[in-house]
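Commentary on secondary and tertiary structure
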Amino acid sequence: MTRHLVCLSFDFDTASGMIARGLTSPTPVSRGEFGTVAAPRILKLLGRRAIPSTWFVPGYTAATYPDAVRAVAAAGHEVASHGWSHVPPAELSAADEERELVETSALLEELSGRAPRGYRSPSWDLSPRTIELLELHRFIYDSSMMGDDFTPYQARTGDRVQLGEPLRPGRRSAVAELPVSWALDDFPHLEYLRTADAVQLPAFTPTTLFDNALSDFTWMRRELDRGVLTITMHPYIIGRGHRLLALERFVDALAARGARFVTAEAAIAAWQNR
């Protein structure tokens, strides 16, 4: 069995990311809502190729579109937590961060029939408390950090980080880390975003994203005995027709190169059992 794994992950934000950025007028909300149109298309594509995947779902999406979350679970994909409001934990109070984690977990378990084992931070910005909270609430893994590219590792908690001082690492936690990268995320490549403070101009083509990912897999397979390539996508972004065609070509190219597609939870299990 191949040891070179690929995890396709989908952050099922719908409009939560827009609302968290203060974009609450009808048009940005509708942009996020397109994710509920795109999700069945993605599930159909994955189903045709028997590809398992992981969907990181905010509580907002689960509460607003419960049938869409049930459909993800019914299709055999992993349902994991993505907070409730899509506000990054680094911007939440301790009480609000824990409340979001607990309430989202309860709702996802109700809809999917299984408590989430994994967590991904909105905007990939953990608070100093997040890993301890994940330990406390018995999460197996996080997928928000970037301390490696192809090799999971145990997340630390309690680091002391101060300007002008060396890093003082905290303890290794019981939470495994499935690392991510902005270079392998469709948001900076494909999404136009204008806020009061900034404008993000995308390339509008998925070529760079999937070329990056395919080259990373080629390098991983050549240089490492084992590894996991994790791709991050958002249904409301990747679910347009021309992008789905590019996604089809990408997964077919990976399969031709010997990739084995797994959920995030399965990738962590394979690493822990290495």
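Here goes a summary of the coordinates provided. Within every chain, residues take consecutive numbers counted from 1 along the sequence as written. Two thresholds apply to this predicted model, a pLDDT of at least 70 for residue-level local features and 80 or more for giving and counting side-chain atom pairs, whereas whole-chain, interface and lining totals are computed over all residues. With hydrogens and water set aside, each side-chain value is computed from the structure's full complement of heavy atoms.

We now examine the side chain of Glu177. Here a strand is any run of E in DSSP of at least two residues, a helix any run of H or I of at least four, and the numbering for each starts at the N terminus. By secondary structure assignment, the location of Glu177 is in strand S7 (residues 171-177). Only protein chains enter the calculation, and the probe is 1.4 Å; a residue is then buried if its accessible area is under 20% of its type maximum, exposed if over 50%, and partly exposed in between. None of His or the chain ends enter the tally, which takes Lys and Arg as positive and Asp and Glu as negative. Any Lys or Arg side-chain nitrogen found within 4 Å of a carboxyl oxygen on Asp or Glu counts as a salt bridge. One buried charged side chain, Glu177, makes no salt bridge at all; its nearest oppositely charged neighbour is Arg120, positioned 7.6 Å away. Within the local environment of Glu177, its side chain forms a polar contact with the backbone nitrogen of Ser144, the two atoms lying 2.9 Å apart. Only heavy atoms enter the contact rule, under which two residues are in contact if any of them lie within 4.5 Å. In this view, Glu177 contacts Asp142, Ser143, Ser144, Met145, Pro152, Tyr153, Ala155 and Ile268; residues no more than four positions away in its chain are not counted. In the analysis that follows, any N or O atom pair within 3.5 Å is treated as a polar contact, provided that within protein one partner can donate a hydrogen and the other can accept it, and provided that, for residues neighboring in sequence, both atoms belong to side chains.

Here the focus is the layout of surface pockets. In this structure, the largest pocket encloses a volume near 410 Å³. Residues are called lining when one of their atoms sits within 4 Å of a cavity or pocket point, these points coming from a 1 Å grid over the protein atoms alone, where a cavity is a set in which a 1.4 Å probe fits but cannot get out and a pocket is an open set with protein on both sides within 12 Å along at least five of seven lines. What lines the largest pocket is a set of 16 residues, among which Leu126, Ser127, Met145, Arg156 and Asp159 lie closest to the centre. Residue assignment for the lining of the largest pocket shows that the elements contributing at least two residues are helix H6 (130-136) and strand S6 (153-157). With four residues, S6 is the largest single contributor of residues to the lining of the largest pocket. Grid points are joined across faces, edges and corners, and a volume is the space filled by probe spheres set on the points. Put simply, the second largest pocket is a space of about 250 Å³. Lining the second largest pocket are 20 residues, with Arg21, His86, Ser123, Trp182 and Phe187 positioned closest to its centre. Secondary-structure elements contributing two or more residues to the lining of the second largest pocket are helix H7 (186-190) and strand S9 (199-200).

Enumeration according to the criterion identifies one cavity of 30 Å³ or more in this entry. By volume, the largest cavity is sized at about 70 Å³. Taken together, Gly83, Val87, Pro89, Leu92, Glu97, Glu100, Leu101, Tyr119, Pro122, Thr130 and Leu133 make up the lining of the largest cavity. Elements represented by at least two residues in the lining of the largest cavity include exactly helix H5 (94-112) and H6. The element contributing the most residues to the lining of the largest cavity is H5, with three residues. Amino acids outside the nonpolar list (Ala, Val, Leu, Ile, Met, Phe, Trp, Tyr, Cys, Pro) and the charged list (Asp, Glu, Lys, Arg) are all regarded as polar, and Gly is one of them. Its residues assigned to classes, the lining of the largest cavity shows seven nonpolar, two polar and two charged.

For residues besides glycine, phi is generally negative; the peptide bonds are generally trans as well. Positive phi, normally seen in glycine, also occurs at Trp124, with a value near 55 degrees. Here Trp124 lies in the loop between strand S4 (118-119) and H6. A positive phi angle, near 65 degrees, is found at Phe204, a position not held by glycine.

Here strand S3 (residues 78-81) shows two buried faces, one formed by Glu78 and Ala80 and the other by Val79 and Ser81. Strand pairing is assigned whenever DSSP identifies at least 2 bridges connecting the two strands. As defined by bridge partners, strand S2 (residues 54-57) adjoins S3 across four bridges and the pair is classed as parallel. The residue of S3 that forms the bridge with Phe56 is Ala80.

What follows deals with the packing of helix H8 (residues 207-223) against helix H10 (residues 241-256). Where H8 meets H10, the axes come as close as 11 Å, and the angle between the chain directions of the two elements is 10 degrees. For the element pair H8 / H10, the angle class is roughly parallel. Each of Phe210, Ala213, Leu214 and Phe217 in H8 lies in contact with H10, whose residues at this interface are Arg243, Ala246, Leu247, Phe250, Ala253 and Leu254. Its residues placed into classes, the contact of H8 with H10 shows nine nonpolar, no polar and one charged. For helices, the fitted line uses only the C-alpha atoms of the stretch in contact; every axis is such a line through C-alpha atoms, and the angle between N-to-C directions lies from 0 to 180 degrees. Roughly parallel refers to an angle under 35 degrees, roughly antiparallel to one over 145, roughly perpendicular to one between 65 and 115, and oblique to any angle outside these ranges.

Attention now goes to the pattern of salt bridges. What the rule picks out here adds up to 13 salt bridges. Linking Arg49 and Asp252 is a salt bridge whose minimum nitrogen-to-oxygen distance equals 2.8 Å. Placement of Arg49 in the loop between helix H2 (26-48) and S2 and of Asp252 in helix H10 is noted, with a sequence separation of 203 residues between them. Among the salt bridges present, the one from Asp159 reaches Arg156, with a minimum N-O distance of 2.8 Å. By sharing partners, the salt bridges in this structure join Asp96, Arg99 and Glu103 into a single network.

Everything listed here is a matter of geometry and, on its own, says nothing about what the molecule does.
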